[in-house]
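Chain by chain, the residues:
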Amino acid sequence: MRTNFSVEQLSDPAVAESEAIVRKCVHCGFCTATCPTYVTLGNELDSPRGRIYLIKDMLENGRAADEKTVTHIDRCLSCLACTTTCPSGVDYMHLIDHARIHIEKTYRRPIFSRLLRSLVAAVLPYPGRFRVALAMAKFALPLSGLFDRIGPLKPVAAMLRLATVPRRSRSAYQPPVREVIPTRAKARVAILSGCAQSILDPGINIATASLLQRLEIELAWPKGEGCCGALVHHMGREEAALDAARRNIETWTNEIEARGLDAIIVTASGCGTTIKDYGHMLRHDPAYAGKAARISALAKDITEFLASLDLPKADPKNLTVAYHSACSMQHGQKIVAAPKILLKQAGFEVREPAEGHLCCGSAGTYNIFQPDISASLKAQKVKNIEATGPDVIATGNIGCMTQLRSGTDIPLVHTVELLNWAYGGQVPPALAKLSSTTT
């Protein structure tokens, strides 16, 4: 794609990077077939190619974002299916990131939108605040119908419904079995505690710790770690995202220098995609560029790490699993085969739903800010999953889990919960009723 940026504009590293990305686009349109919003809405401006035109026009003319551009950029899920499809290697992820930062700096949203976005940014990344907000949401839930009828408040209704999706308490899980003796450990890893996931489904990391300890992996729990920054990053709040990244980088770097780490294990693929991008996010920060690249290289999805351990084949479980590959897993991190191979080796029958490349509509906070599109994508995803006739649904991202749980009665668990069970751990609480017939 031809561009006409000035020399002065290109002196800005972010603009120069975006210009190089735009120039790679050859207008082929392959991305339109795999873009969930284009497939759903049929509007060229809601396709990656259309958004690239809008971003190019906005940046090239050095103008503030307008309502039209913001509308179509906001509708992007950042699912990155387009990057998997693109034959030209267009780095759409970093282009849309730059566009969102530009929008945040130059566009004044309507008052209700500003307030809601500020509320989400101030609550979701902080477990204590999030726990309180979830407890309060049940009292406001009866008002969701009213909010649905008031356009600017529809996101509030969506947020209330998501907040009241059933979740599991820590008491439903057994603690990790034992501490590994360091001299016998095969590796030493840190597990990202996370923010929203630690409240919505604490059993994911408990199952992870239990499994890794039985595999003789030493665990580290560095103090000071917090939200990875993904939530605010995708809202265009650059400084907040970078502050979160720097805090975690310092925490993990101190742990590396004190006792060493072989990997940083991430059990939420959305977080994993962001942490693996720390090196890029902080590439222009002389104090953090090197440390950020080091942390990004150590970050591993739990299935990615387990695949490197060559686990044995387990006894058949007589359980059919529909595997939902989160967008951040298959498109963001390019981890496609490992989770399915691990589940099959663990004794499960694995089925893949049709249109597995399309997003479920969760996408971080997308199901709050774009509830109608999100609901349409969820309905199609649930339909395709249920068509496989599974006993259970497995996935590797808490956002997808929350989204899908609000649309189906089929038990839904994290992939690592099934693997932990298959290799001697606790039966996932969601499958307690099924376990007696599968073993």
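Computed from a predicted model, the values in this text were never measured in an experiment.

**Quick notes on the overall build of the protein chain**
Part 1: For the protein chain, the count of helices and strands is 26 helices and eight strands.
Part 2: Relative to a compact globule of 439 residues, whose C-alpha radius of gyration would be 22 Å, the protein chain shows 22 Å and is just as compact.
Part 3: Here the C-alpha coordinates of the protein chain stretch approximately 65 × 50 × 40 Å along the principal axes.
Part 4: A buried classification covers 56% of the 439 residues belonging to the protein chain.
Part 5: Here the protein chain displays about 18600 Å² of accessible surface, and carbon together with sulfur accounts for 56% of that area.
Part 6: Each charge sign in the protein chain was given a centre, from 50 positive and 41 negative side chains, and these centres are 4 Å apart.

**Notes on the sheet that holds strand β3 (residues 263–266)**
Part 1: Strand order across the open sheet formed by four strands is β2-β1-β3-β4, with parallel pairing between neighbours. Edge positions in the sheet fall to β2 (217–220) and β4 (299–301), since each has one partner strand and no second. Averaged over all pairs of adjacent strands, the angle between their axes in this sheet comes to 40°, without regard to strand direction.
Part 2: As defined by bridge partners, strand β1 (residues 187–191) adjoins β2 across four bridges and the pair is classed as parallel. Following the sheet pairing, R188 is matched in β2 by E218.
Part 3: Lying on the sheet, helix α18 (residues 289–298) is in contact with β3 and β4; it crosses β4 at an angle near 25°.

**Topic: helix α5 (residues 67–74)**
Part 1: Looking at α5, one finds that the buried residues are T69, V70, H72 and I73.
Part 2: Structurally, α5 contributes buried residues whose contacts are with α4 (48–60) and α7 (92–106).

**Considering unusual backbone geometry**
Part 1: Look at S78: it is not a glycine, yet its phi comes out positive at around 55°.
Part 2: Structurally, the position occupied by S78 is in the loop between α5 and α6 (81–85).

**Describing the packing of helix α15 (residues 238–258) against α18**
Part 1: Following both chains from N to C, one finds α15 and α18 inclined at 75°, their axes separated by 10 Å at the closest point. The orientation of α15 relative to α18 falls into the category roughly perpendicular. Counting all contacts with α15, which are made through I249, E250, W252, T253 and I256, the residues of α18 involved are K291, A292, R294, I295 and L298.
Part 2: Tallied by class, the residues present in the contact of α15 with α18 amount to six nonpolar, one polar and three charged.

**Description of the side chain of T69**
Part 1: With respect to the helices and strands, T69 occurs in helix α5.
Part 2: At 2.8 Å, the side chain of T69 and the side chain of D66 are in polar contact.

**Brief notes about the sheet that holds strand β7 (residues 392–395)**
Part 1: With parallel pairing, the four strands of this open sheet are ordered in space as β6-β5-β7-β8. For this open sheet the edge positions go to β6 (349–351) and β8 (412–414), each flanked by a neighbour on one side alone. Direction aside, neighbouring strands of the sheet carry axes that sit 35° apart on average.
Part 2: As paired strands, strand β5 (residues 320–323) and β7 are joined by three bridges and run parallel to one another. In the strand pairing of β7, A322 is matched with I393.
Part 3: Against the sheet, helix α21 (residues 338–345) makes contact with β5, β6 and β7, and its axis sits at roughly 175° relative to β5, the strand it touches most.

**Details of helix α9 (residues 127–140)**
Part 1: In this model, α9 (14 residues) spans 20 Å end to end at C-alpha, consistent with the 20 Å of a helix rising 1.5 Å per residue.
Part 2: Listing the buried residues of α9 in full gives F130, L134 and A137.
Part 3: Looking at the buried positions of α9, the neighbouring elements they touch are α8 (111–123), α11 (154–163) and α12 (196–200).

**Overview of the environment of N4**
Part 1: Relative to the elements of secondary structure, N4 occurs in the segment before α1 (7–10).
Part 2: Measuring from C-alpha to C-alpha, the distance between N4 and G290 comes to 33 Å, with 286 residues separating the pair along the chain.

**Brief notes about the pattern of salt bridges**
Part 1: Here the structure, examined in full by the defined rule, presents 23 salt bridges.
Part 2: In this structure, K56 and E60 form a salt bridge, with 2.9 Å as the shortest nitrogen-oxygen distance. With K56 and E60 both in helix α4 and four residues apart, this pair spans about one turn of that helix.
Part 3: The exposure class of E60 is buried, given its relative accessible area of 15%.
Part 4: Of the charged contacts in the structure, one is a salt bridge between R405 and D201, with a shortest N-O distance of 2.9 Å. Of this pair, R405 sits in helix α24 (residues 398–405) while D201 sits in the loop between α12 and α13 (203–214); the two residues are 204 residues apart in sequence, bridging distant segments of the chain.
Part 5: For R405, a relative accessible area of 18% gives the class buried.
Part 6: Residues joined in a network through salt bridges with shared partners are R188, E218, E255 and R259.

**Things to note about the pairing of β7**
Part 1: A two-sided burial pattern is seen for β7, the buried positions comprising V392 and A394 on one face and I393 and T395 on the other.
Part 2: Where β7 and β8 come together, three bridges link them in parallel fashion. Looking at the pairing, T395 lines up with H414 of β8.
Part 3: A crossover links β7 with its parallel partner β8, the connecting element being α24, and its sense is right-handed.

Rules and cut-offs
Residues numbered from 1 in each chain as written. Predicted model: local features only at pLDDT ≥ 70, side-chain atom pairs only at ≥ 80, totals over all residues. Heavy atoms only, no water. Helix = DSSP H or I, 4+ residues; strand = E, 2+ residues; numbered from the N terminus. Rg over C-alpha atoms; globule rule 2.2 N^0.38 Å. Buried < 20%, exposed > 50% of the residue type's maximum accessible area, 1.4 Å probe, protein only. Areas by Shrake-Rupley, 256 points an atom, 1.4 Å probe, with all protein chains shown as cover. Lys, Arg positive; Asp, Glu negative; His and termini not counted. Charge placed at Lys NZ, Arg CZ, Asp CG, Glu CD. Pairing = 2+ DSSP bridges. Axes fitted to C-alpha atoms, helices over the stretch in contact; angles between N-to-C directions. Contact = heavy atoms within 4.5 Å. Parallel < 35°, antiparallel > 145°, perpendicular 65-115°, else oblique. Nonpolar A, V, L, I, M, F, W, Y, C, P; charged D, E, K, R; others polar. Polar contact = N/O pair within 3.5 Å; in protein donor to acceptor, adjacent residues only side chain to side chain. Expected span 1.5 Å × (residues − 1). Salt bridge = Lys/Arg side-chain N within 4 Å of Asp/Glu carboxyl O. Right-handed = clockwise from strand over helix to strand, strands pointing away.

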